[in-house]
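# Commentary on secondary and tertiary structure
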Amino acid sequence: MEIIDLPAKYEPLYFVCLEDWSDEVKEAGDHRARWYKKMKERGLRVKLALDDGDEVGGMIQYLPIEQSNARGKDLYFIDCIWVHGHKKGRGNFQKHGMGAAMLKAAEDDVKALGTKGICAWGIPLPFWMKASWFKKHGYTVADRQAGFMGPVLLWKTFADNAELPKWVRQVKQVEASPGKVVVSAFLSGWCTSYDIVFERAKRACAEFGDRVEFRAFDTTDRKVFDEWGISDALFVDHKQVNTGPPPSYNKIRNIIARKVSKL
């Protein structure tokens with residue numbers, strides 16, 4: 001196994017989360033590529049895991065916490081670590097130590113940069129970014145979002161004087177518009193799953209003409225992010241839509257249609 005920095009030749013594969021075999025991921029558009037270009041200039045770092053046959057099986061991306069949806073100082077933030085586990089396409093690379101190897105490589109990297117620690121988010125779901133997995137690797141809980149399924153902010157310190165990070169929380173509510181259904185989509189572009197949701201919602205809104213207003217918010221603009229305290233989310237009027245895993249196009253369309261029928 002080898003852990004490498006993302007080379008240009010693998011960027012297209014990284015932009016689709018190693019799922020170049022997937023038809024669904026094609027719905028995500030080029031949001032991730034544009035996010036990568038912006039964030040690379042702001043300190044984003046990406047590494048890949050290669051097996052003994054030089055096949056890419058995993059990826060990790062991390063950036064200064066000031067560019068994440070958490071607050072902190074002298075820390076980095078892991079917003080994605082992923083080892084390909086589908087039988088389709090590349091095959092299943094999980095349970096062979098790739099995740100642990102990438103995590104250690106990222107930790108060593110940010111230590112060398114002189115940072116005081118590294119953060120990650122975790123959830124109780126058993127398939128991706130598991131909080132329990134990070135805890136096994138020495139991470140402790142720094143903060144929690146509300147609700148049973150709310151994401152946990154975890155961290156590992158490299159210095160005794162590291163300051164505790166906190167989640168950024170929503171500070172502003174979306175607004176309705178009289179006589180219309182308002183669909184508000186907040187998008188950073190870092191996650192192909194949510195990029196798919198954004199594109200599906202945008203396409204669904206177009207079916208209803210002027211009865212539905214689609215509002216897009218680019219949260220790579222830190223002023224926009226700070227104004228709302230929202231990174232990636234979808235709202236139909238005032239109600240937030242559960243976007244993980246990505247709802248189908250028909251489900252999003254039906255949510256909007258029910259609102260339109262009540263106008």
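So, a few notes on the structure that sits alongside this text. Since the model is a prediction, treat every value here as computed from it, not as a measurement.

### Some points on the sheet that holds strand 3 (residues 56-64)
Here seven strands make up an open sheet; going across it, the order is 1-2-3-5-6-8-7 and the pairing mixed. In this open sheet, the two edge strands, each paired with only one partner strand, are strand 1 (2-5) and strand 7 (140-144). Each adjacent strand pair in this sheet contributes to an overall mean axis angle of 30°, direction not counted. Across seven bridges, strand 3 lies against strand 5 (residues 75-83) in antiparallel orientation. The residue of strand 5 that forms the bridge with Ile60 is Ile81. Relative to strand 3, helix 2 (residues 31-40) is tilted by about 50°, and along the sheet it contacts strand 2 (45-50), strand 3 and strand 5. Running at roughly 30° to strand 3, helix 3 (residues 98-112) makes contact with strand 1, strand 2, strand 3, strand 5, strand 6 (117-122) and strand 8 (152-157) of the sheet.

### Regarding helix 5 (residues 192-206)
Across its 15 residues, helix 5 extends 21 Å between first and last C-alpha, which sits within 8% of the 21 Å expected from 1.5 Å per residue. Within the span of helix 5, buried status applies to Thr192, Tyr194, Asp195, Ile196, Val197, Phe198, Arg200, Ala201, Ala204 and Cys205.

### Thoughts on the pattern of salt bridges
A full pass over the atoms with the stated rule returns 18 salt bridges. With its nearest N and O atoms 3.2 Å apart, the salt bridge here joins Asp218 to Lys38. Of the two residues, Asp218 sits in strand 11 (residues 212-218) while Lys38 sits in helix 2, which places them 180 residues apart along the sequence. Residue classification places Asp218 among the partly exposed positions, given a relative accessible area of 37%. Lys172 is the partner of Glu227 in a salt bridge, and the nearest nitrogen-oxygen pair spans 2.4 Å. With Glu227 in helix 6 (residues 222-228) and Lys172 in the loop between strand 9 (166-167) and strand 10 (181-187), the pair connects residues that are 55 residues apart, well separated along the chain. What makes Lys172 partly exposed here is its relative accessible area of 27%.

### Topic: the packing of aromatic side chains
Within this structure, the stated rule accounts for 14 aromatic pairs. Centre to centre, the rings of Trp121 and Trp128 are 5.2 Å apart; their planes meet at 85°, and the pair counts as edge-to-face. Cluster of aromatic residues (ring-pair linked, three or more members): Phe186, Phe217, Trp228 and Phe235. Cation over ring: Arg32 sits above Tyr14, and NZ or CZ is 4.2 Å from the ring centre.

### Remarks on the nonpolar core
Residues Tyr14, Phe77, Ile78 and Phe134 are the most contacted members of the largest nonpolar core, which totals 54 residues. Tallying contributions element by element places strand 5 first for this core, with eight residues. Aside from chain neighbours lying at most four places away, what touches Tyr14 is Leu6, Arg32, Trp35, Tyr36, Leu44, Val46, Met59 and Gln61. Of all hydrophobic cores here, the second largest spans 20 residues; its members include Val181, Leu234, Tyr249 and Ile256.

### Points about the environment of Met98
Looking at where Met98 falls in the secondary structure, it is placed in helix 3. Apart from the residues lying within four places of it in its own chain, the contact partners of Met98 are Met1, Ala49, Leu50, Asp51, Gly57, Gly58, Val83 and Phe93.

### A word on a positive patch on the surface
Judged by side-chain charge, Lys239, Lys251, Arg258, Lys259 and Lys262 come together as a positively charged surface patch. It is helix 7 (residues 249-261) that provides the largest number of residues to the positive patch, a total of three residues. Positionally, Lys259 belongs in helix 7. A relative accessible area of 32% places Lys259 in the partly exposed class.

### Overview of the sheet that holds strand 10
Strand order across the open sheet formed by four strands is 11-10-12-13, with mixed pairing between neighbours. Unpaired on one side and paired on the other, strand 11 and strand 13 (239-241) mark the two borders of the sheet. Taken over all neighbouring pairs, the strand axes of this sheet differ in orientation by 25° on average, direction set aside. Where strand 10 and strand 11 come together, seven bridges link them in parallel fashion. Pairing of Phe186 across the sheet is with Phe217, part of strand 11. Across the sheet, helix 5 touches strand 10, strand 11 and strand 12 (233-236), and the angle it forms with strand 10 is around 155°.

Parameters at a glance
- Residues numbered from 1 in each chain as written.
- Predicted model: local features only at pLDDT ≥ 70, side-chain atom pairs only at ≥ 80, totals over all residues.
- Heavy atoms only, no water.
- Pairing = 2+ DSSP bridges.
- Helix = DSSP H or I, 4+ residues; strand = E, 2+ residues; numbered from the N terminus.
- Axes fitted to C-alpha atoms, helices over the stretch in contact; angles between N-to-C directions.
- Contact = heavy atoms within 4.5 Å.
- Expected span 1.5 Å × (residues − 1).
- Buried < 20%, exposed > 50% of the residue type's maximum accessible area, 1.4 Å probe, protein only.
- Salt bridge = Lys/Arg side-chain N within 4 Å of Asp/Glu carboxyl O.
- Phe/Tyr/Trp six-rings, centres within 6.5 Å; stacked < 30°, edge-to-face > 60°.
- Lys NZ or Arg CZ within 6 Å of the ring centre and 35° of its normal.
- Core = buried A, V, L, I, M, F, W, Y, C linked by side-chain atoms within 4.5 Å.
- Patch = residues over 30% accessible without salt bridge, like charges linked within 9 Å, V, L, I, M, F, W, Y side chains within 5 Å.
- Areas by Shrake-Rupley, 256 points an atom, 1.4 Å probe, with all protein chains shown as cover.
- Lys, Arg positive; Asp, Glu negative; His and termini not counted.
- Charge placed at Lys NZ, Arg CZ, Asp CG, Glu CD.

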